[in-house]
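Summary of the model geometry
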Amino acid sequence: MPVPARLGVFRVLCLFAVFEAVCLLDTGMLFPRESSSREVKELNGRWDFRADKSPNRNQGFEKAWYKSRLAETGPVIDMPVPASYNDITQDPTLRDFIGWVWYEREVVVPARWIADEGTRVVLRVGSAHYYSVVWVNGVKVTEHNGGHLPFEAEIGSLIRKDPTQPCRITIAVNNTLTLDTLPPGNIQHMDDHTKYPDGFFVQNIYFDFFNYAGIHRSVLLYTTPKAYVDDITVVTDFLDNTVNLKSSFFTTLKATLMDKNGRCVASSSEPSGVLKVVDVNLWWPYLMHENPAYLYSMEVRLMATDSRSTYEDVYTLPVGIRTVNVTSTQFLINNKPFYFHGVNKHEDSDIRGKGFDWPLIVKDFNLLKWLGANSFRTSHYPYAEEILQMCDRHGIVVIDECPGVGIKDIRSFGNSSLTHHLAVMDELVRRDKNHASVVMWSVANEPAAEMPPADFYFKTLIKHTKALDPSRPVTFITDSNYARDRGAPYVDVICVNSYFSWYHDPGHLEVIPIQLKTQFENWYGKYQKPIIQSEYGADAVAGFHSDPPVMFSEEYQKAVLQSYHNVLDQKRKQYVIGELIWNFADFMTVQGITRVVGNKKGIFTRERQPKAAAFILKERYWRLANETGRLPVWTKYPCSF
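Computed from a predicted structure; not experimentally measured. In this convention, every chain numbers its residues from 1, walking through the sequence in written order. Residue-level local features of this predicted model are given only where pLDDT is at least 70; pairs of side-chain atoms are given and counted only at 80 or more, and the full residue set underlies all totals for whole chains, interfaces and linings. Computation of side-chain values: all heavy atoms of the structure, hydrogens and water removed.

A separate point is the pattern of salt bridges. Opposite charge on two side chains permits pairing when their charged atoms draw close. When a carboxyl oxygen of Asp or Glu lies within 4 Å of a side-chain nitrogen of Lys or Arg, that pair is called a salt bridge. Counted by the stated rule, this structure contains 39 salt bridges. Note that Arg69 is salt-bridged to Glu106, the shortest N-O span being 3.8 Å. On the criterion of sequence distance, the pair formed by Arg69 in the loop between helix H1 (59–62) and strand S4 (77–81) and Glu106 in strand S5 (residues 100–107) is long-range, its members being 37 residues apart. By relative accessible area, Arg69 is classed as partly exposed at 37%. Think of it in three bands: with a 1.4 Å probe and only protein chains considered, a residue is buried below 20% of the maximum accessible area for its type, exposed above 50%, and partly exposed in between. You can call Glu106 partly exposed: its relative accessible area is 39%. In this structure, Lys345 and Asp364 form a salt bridge, with 3.0 Å as the shortest nitrogen-oxygen distance. Within this pair, whereas Lys345 is found in the loop between strand S26 (340–344) and helix H5 (358–371), its partner Asp364 is found in helix H5, the two being separated by 19 residues in sequence. Neither residue differs from the other here; Lys345 and Asp364 are each classed as buried. Secondary structure elements follow DSSP: runs of H or I of four or more residues count as helices, runs of E of two or more count as strands, with numbering from the N terminus.

This is the structure we're talking about:
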């Protein structure tokens with residue numbers, strides 16, 4: 001298709017070069033990539049593991065388990081990394097364990113890494129839930145507060161102290177949730193000895209998914225030169241057919257932008273300047289354009305010299321050029337109206353829990369594209385970086401959500417909670433800011449936004465997030481009454497969760513058209529902002545059928561979806577800009593009288609087999625995509641998948 005003339009502005013590129021390494025890295029968080037100057041060594045696989053089952057869960061620290069091999073402190077078992085530890089063994093006490101667990105692995109570091117003192121060696125943990133402390137050869141190198149996000153430490157000086165010894169890495173992880181954590185929770189001790197054994201306690205949580213724990217993503221060692229590219233920030237814009245890139249460098253750098261064929265389309269070696277890209281290929285969402293998800297490669301090459309050596313570092317970043325804007329009735333990508341027809345997900349699977357798993361990820365993306373979904377929300381926490389890279393490559397649009405789920409207690413709106421929440425948003429934006437697929441930040445899910453402290457809390461949080469990244473809109477997900485919600489005035493897009501005929505008026509499908517229409521009109525009437533139906537759905541036990549439909553049958557789930565769709569079809573012509581089904585797949589929850597082996601609202605089973613609702617949604621999403629008229633012929637016939 002011919003592309004009208006566009007003048008593009010590749011508006012900001014900020015690069016920071018750090019010359020001297022520090023032990024605790026609080027600056028950039030670039031994803032480790034191999035290059036001519038960088039190497040990556042995965043430490044995934046079998047680790048030694050021990051849960052601290054002492055009454056105070058603190059024996060490991062009291063007896064300094066990190067000072068010797070973990071097997072010398074007591075019995076250890078095999079534990080895979082990455083994986084949640086909960087479902088790996090037959091031990092019921094480990095499945096629901098709360099407290100410190102200990103991981104250890106000895107690693108052989110390549111001799112050239114140790115011999116070259118101009119090489120930095122960095123230990124990186126992709127995610128560990130929840131609080132982590134890391135030692136190398138018995139020396140503490142870092143600690144991290146919060147799950148779902150990566151943390152690093154430079155360990156070169158430690159492993160060079162005795163290069164003949166293996167590198168022993170010890171990681172202690174604690175999954176305890178408090179009123180100040182994200183997500184929040186609290187520990188309740190049961191002291192009635194006529195009912196409970198000594199030391200009995202439970203972890204109370206305010207969210208509806210299992211509190212999986214452990215090292216959930218890859219553990220890596222990677223190298224950089226002593227002088228290295230620490231951080232890159234790319235913000236894109238366009239106008240007509242030229243892209244401009246402004247850059248600010250602290251040392252000698254060269255930025256080269258290459259197209260998919262490896263052809264240089266722009267470069268600059270000036271400390272600041274403009275890169276002009278002629279006939280720019282924009283990044284478009286899946287099913288919105290005949291050439292979706294176009295990615296350039298930006299190679300950043302740093303040169304630095306000290307009194308002894310010259311260092312060169314090379315880092316390549318995939319870059320998608322696109323814009324995001326919001327009006328009172330529309331969400332615009334590249335100045336074209338975009339309608340979210342997608343899903344909510346969880347990082348959840350049998351045995352692995354929240355552990356990163358490539359086969360599952362690839363399967364899920366095949367199902368998303370089969371379904372005709374163009375988007376998903378990372379409910380209710382940041383997903384693995386590799387998942388966002390897949391979204392960039394396939395054109396799947398992402399609402400990137402922090403772990404602010406279950407903020408229900410008024411004490412979770414205090415200063416310590418807010419300080420931690422702001423820090424988490426710092427880490428999230430720092431990690432995900434360069435992903436073209438990420439179009440909006442979500443700072444919370446279903447908080448008690450009607451409480452008086454919520455006004456200051458969310459005003460501060462949203463203002464802070466917009467300052468971190470002015471190029472993307474900010475939302476949070478609400479289920480509050482529109483008139484009492486104290487966060488809605490500050491967001492750019494209203495995201496509403498509702499479960500009419502399920503949690504409200506259960507079994508009464510006839511209320512959906514009335515209540516859903518009223519919901520939309522009330523929210524838009526008060527705030528004049530576009531609305532996404534960010535959650536809706538019903539539980540369905542696969543294979544359970546009933547006519548007339550009754551709750552938990554596949555027929556009832558279908559009927560709920562169809563009733564919602566009828567209203568959505570009316571309102572999307574006005575100010576509703578999207579719909580995200582809850583949920584993509586069934587997922588595990590805590591045991592309780594309202595859940596039978598997890599939440600069954602998935603349109604796929606936990607094993608990724610479709611329920612009847614999946615076919616309803618597939619038909620709808622392909623129809624919505626084909627209404628745009630911008631698809632190549634082959635995509636108009638989804639049966640070809």
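At a closest axis distance of 8 Å, the pairing of H5 and helix H11 (residues 612–626) adopts a crossing angle of 60 degrees. The orientation of H5 with respect to H11, classified from their angle, is oblique. Taking contact as the criterion, the partners of Lys369, Trp370 and Leu371 in H5 are, on H11, Ala614, Phe615, Leu617, Lys618, Tyr621 and Trp622. Throughout, the ten residues Ala, Val, Leu, Ile, Met, Phe, Trp, Tyr, Cys and Pro are labelled nonpolar, Asp, Glu, Lys and Arg are labelled charged, and all others, Gly among them, are labelled polar. Looking at the contact of H5 with H11 residue by residue, the classes come out as 7 nonpolar, no polar and 2 charged. Structural elements are reduced to axes, namely lines fitted to C-alpha atoms, with helices fitted over the stretch in contact, and the angle between N-to-C directions of any two is expressed from 0 to 180 degrees. An angle counts as roughly parallel when it lies under 35 degrees, as roughly antiparallel when it exceeds 145, as roughly perpendicular when it falls between 65 and 115, and as oblique in every other case. Here a residue-residue contact requires only that any non-hydrogen atoms of the pair lie within 4.5 Å.

Attention now moves to the side chain of Glu446. Along the chain, the position of Glu446 falls in the loop between strand S29 (438–445) and helix H8 (454–468). With residues up to four places along the chain from it excluded, the contact list for Glu446 reads Lys408, Ile477, Asp479, Asn497 and Glu535.

Quick look at the environment of Val121 now. Tracing the backbone through its elements, the reader meets Val121 in strand S6 (residues 119–125). Between the C-alpha atoms of Val121 and Glu152, which are 31 residues apart in sequence, the distance is 10 Å.

A few words now on empty space enclosed by the protein. Two kinds of site are reported from a 1 Å grid over the protein atoms alone, namely cavities, where a 1.4 Å probe fits but cannot get out, and pockets, open sets with protein on both sides within 12 Å along at least five of seven lines, and residues are called lining when an atom falls within 4 Å of a point. Grid points are joined across faces, edges and corners, and a volume is the space filled by probe spheres set on the points. Summed over all chains, the structure comprises 5 cavities of 30 Å³ or more. Counted as a void, the largest cavity has a volume near 190 Å³. In terms of lining residues, the largest cavity is bounded by 19 residues, among which Lys345, Glu347, Leu360, Ile361 and Ile387 are the most central. Looking at the lining of the largest cavity, its residues break down into 8 nonpolar, 4 polar and 7 charged. Of the voids in this model, the second largest cavity is the one considered here, and its volume is about 90 Å³. Lining the second largest cavity are 12 residues, with Glu152, Tyr222, Tyr228, Val229 and Asp230 positioned closest to its centre. Sorting the residues of the lining of the second largest cavity by element identifies strand S15 (219–225) and strand S16 (228–237) as the ones contributing at least two each. In terms of residue class, the lining of the second largest cavity is made up of 6 nonpolar, 2 polar and 4 charged.

This brings us to the nonpolar core. The nonpolar core is taken to be a set of buried Ala, Val, Leu, Ile, Met, Phe, Trp, Tyr and Cys residues, with the residues joined through side-chain atoms within 4.5 Å. Counting 90 residues, the largest nonpolar core has Phe365, Phe376, Val443 and Phe458 as the members making the most contacts within it. Looking at which element gives the most residues to this core, the answer is H11, with 7 residues. Of all hydrophobic cores here, the second largest spans 45 residues; its members include Val265, Ile321, Val397 and Ile577.

Once that is clear, we can look at the pairing of S5. For S5, a buried count of 6 out of 8 residues is recorded, marking the element as mostly surrounded by other parts of the structure. Pairing of S5 with strand S11 (residues 167–174), which is carried by 8 bridges, proceeds in the antiparallel orientation. The residue of S11 that forms the bridge with Arg105 is Ile169. Note: two strands are recorded as paired if DSSP finds a minimum of 2 bridges between them.

Now for the pairing of S29. Of all 8 residues that make up S29, 8 are buried, and the element is covered over most of its length. As paired elements, S29 and strand S30 (residues 474–478) share 3 bridges and run parallel to each other. Looking at S30, one finds that Ser442 is bridged to Thr475. The definition of a right-handed crossover adopted here requires that, viewed with the strands pointing away, the path from the first strand over the helix to the second runs clockwise. The β-α-β motif built from S29, the intervening H8 and the parallel element S30 has right-handed crossover chirality.

Two cysteine sulfur atoms make up a disulfide if the distance between them is within 2.5 Å. For the structure on display, the rule yields 0 disulfides. Lacking any disulfide linkage, Cys391 is separated from the closest cysteine sulfur, that of Cys495, by 17 Å.

The subject of this paragraph is the sheet that holds S6. Across the sheet, 4 strands lie side by side as S2-S15-S6-S10; this open sheet has antiparallel pairing. Unpaired on one side and paired on the other, strand S2 (40–42) and strand S10 (151–154) mark the two borders of the sheet. The mean angle between the axes of side-by-side strands here comes to 20 degrees, regardless of whether they run parallel or antiparallel. By the bridge criterion, 3 bridges tie S2 to S15 in an arrangement that is antiparallel. Counterpart to Lys41 in the pairing with S15 is Leu221.

The next thing to look at is the layout of surface pockets. Estimated volume of the largest pocket: approximately 850 Å³. Around the largest pocket, the lining comprises 39 residues; the ones closest to its centre are Glu446, Asp479, Tyr499, Tyr503 and Glu535. Ranked by residues supplied to the lining of the largest pocket, first place goes to helix H9 (residues 512–527) with 4 residues. Looking at the lining of the largest pocket residue by residue, the classes come out as 15 nonpolar, 16 polar and 8 charged. In this structure, the second largest pocket occupies an estimated 560 Å³ of space. Every element with two or more residues in the lining of the second largest pocket is listed here: helix H2 (92–95) and strand S13 (201–205). Tallied by class, residues from the lining of the second largest pocket come to 9 nonpolar, 7 polar and 4 charged.

So far we have only geometry, and geometry alone does not tell us how the molecule works.
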